[in-house]
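Notes for the structure review
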Amino acid sequence: MIRNQFAPVIIFAYNRPDKLNNLLESLSKNKELNSSNLYFYIDHYKNKEDLKRNQEVIEIAKGFDKASSISVITSNSNLGLKANILRGVNETFEKYNEAIFLEDDLVVSDYFLK
């Protein structure tokens, strides 16, 4: 198991770039984020209507640079919310003893990670 000073932060996202930007902006105000590992689990788009927004979410995640390390895990097919979350939780606990799980529509306080 990986031990780190701070629990990793796991974010589940899909096709809401504005929501993800809001979450990341709020997380960025936490100085502990600089020492945290950040993982994005982004589900694959369902249809053509979701394609553009899904790609925007992936680009936002790949471009974010405020954490100690950043991993962007994408699906090859649409898993659905439940399966995407279960995958992320299971993979996280294979590596870590603890974690912070967030969905993209949250906004956290300036002291959330503290």
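Bear in mind that the values here come from a model prediction, so they are computed numbers and not experimental data. (Residues numbered from 1 in each chain as written. Predicted model: local features only at pLDDT ≥ 70, side-chain atom pairs only at ≥ 80, totals over all residues. Heavy atoms only, no water.)

**Focus: the overall build of the protein**
For the protein, the count of helices and strands is 3 helices and 4 strands. When the helices and strands of the protein are listed from N to C terminus, the series reads β-α-β-α-β-α-β. Taking 2.2 N^0.38 as the reference for a compact globule, 114 residues should give roughly 13 Å; the C-alpha atoms of the protein span a radius of gyration of 14 Å, in line with that estimate. Seen along its three principal axes, the alpha-carbon backbone of the protein occupies a region of about 40 × 30 × 20 Å. Counting across all 114 residues of the protein, residues that qualify as buried make up 39%. Of the contacts made within the protein by residues no fewer than 6 positions apart, 81% connect residues no fewer than 24 positions apart. Only carbon and sulfur atoms are counted for the fraction: they give 47% of the accessible area of the protein, which is about 6600 Å². In the protein, 15 positive and 16 negative side-chain charges are present, and the distance between their average locations comes to 1 Å. (Helix = DSSP H or I, 4+ residues; strand = E, 2+ residues; numbered from the N terminus. Rg over C-alpha atoms; globule rule 2.2 N^0.38 Å. Buried < 20%, exposed > 50% of the residue type's maximum accessible area, 1.4 Å probe, protein only. Contact = heavy atoms within 4.5 Å. Areas by Shrake-Rupley, 256 points an atom, 1.4 Å probe, with all protein chains shown as cover. Lys, Arg positive; Asp, Glu negative; His and termini not counted. Charge placed at Lys NZ, Arg CZ, Asp CG, Glu CD.)

**Side note on the nonpolar core**
Counting 20 residues, the largest nonpolar core has I11, L24, L27 and F40 as its most contacted members. Elements represented by at least two residues in this core include exactly β1 (9–13), α1 (17–28), β2 (37–42) and α2 (48–63). Residues contacting L24, with those up to four places away along its chain left out, are I11, F40, I60 and F64. The next biggest cluster of nonpolar side chains, apart from the first, holds 6 residues, and it includes I10, F12, I73 and Y96. (Core = buried A, V, L, I, M, F, W, Y, C linked by side-chain atoms within 4.5 Å.)

**Here's the deal with the environment of Q55**
Turning to its location among the elements, Q55 is positioned in helix α2. You can call Q55 partly exposed: its relative accessible area is 43%. Sequence separation between Q55 and A99 is 44 residues; the distance between their C-alpha atoms is 26 Å.

**A look at α1**
Taking 1.5 Å of rise per residue, 12 residues should cover 16 Å, and α1 covers 16 Å from first to last C-alpha, within 8% of that figure. Every buried residue belonging to α1 is among P17, L20, L23, L24, S26 and L27, and all of these are buried. Close packing links the buried residues of α1 with β1, β2, α2 and β4 (100–103). (Expected span 1.5 Å × (residues − 1).)

**Looking at the pattern of salt bridges**
A full pass over the atoms with the stated rule returns 5 salt bridges. Among the salt bridges present, the one from E56 reaches K52, with a minimum N-O distance of 3.5 Å. Of this pair, E56 and K52 both sit in helix α2, 4 residues apart, which is roughly one turn of the helix. Taken together, the shared-partner salt bridges connect R16, D104 and D105 into one network. (Salt bridge = Lys/Arg side-chain N within 4 Å of Asp/Glu carboxyl O.)

Structural measurements only, silent on function.
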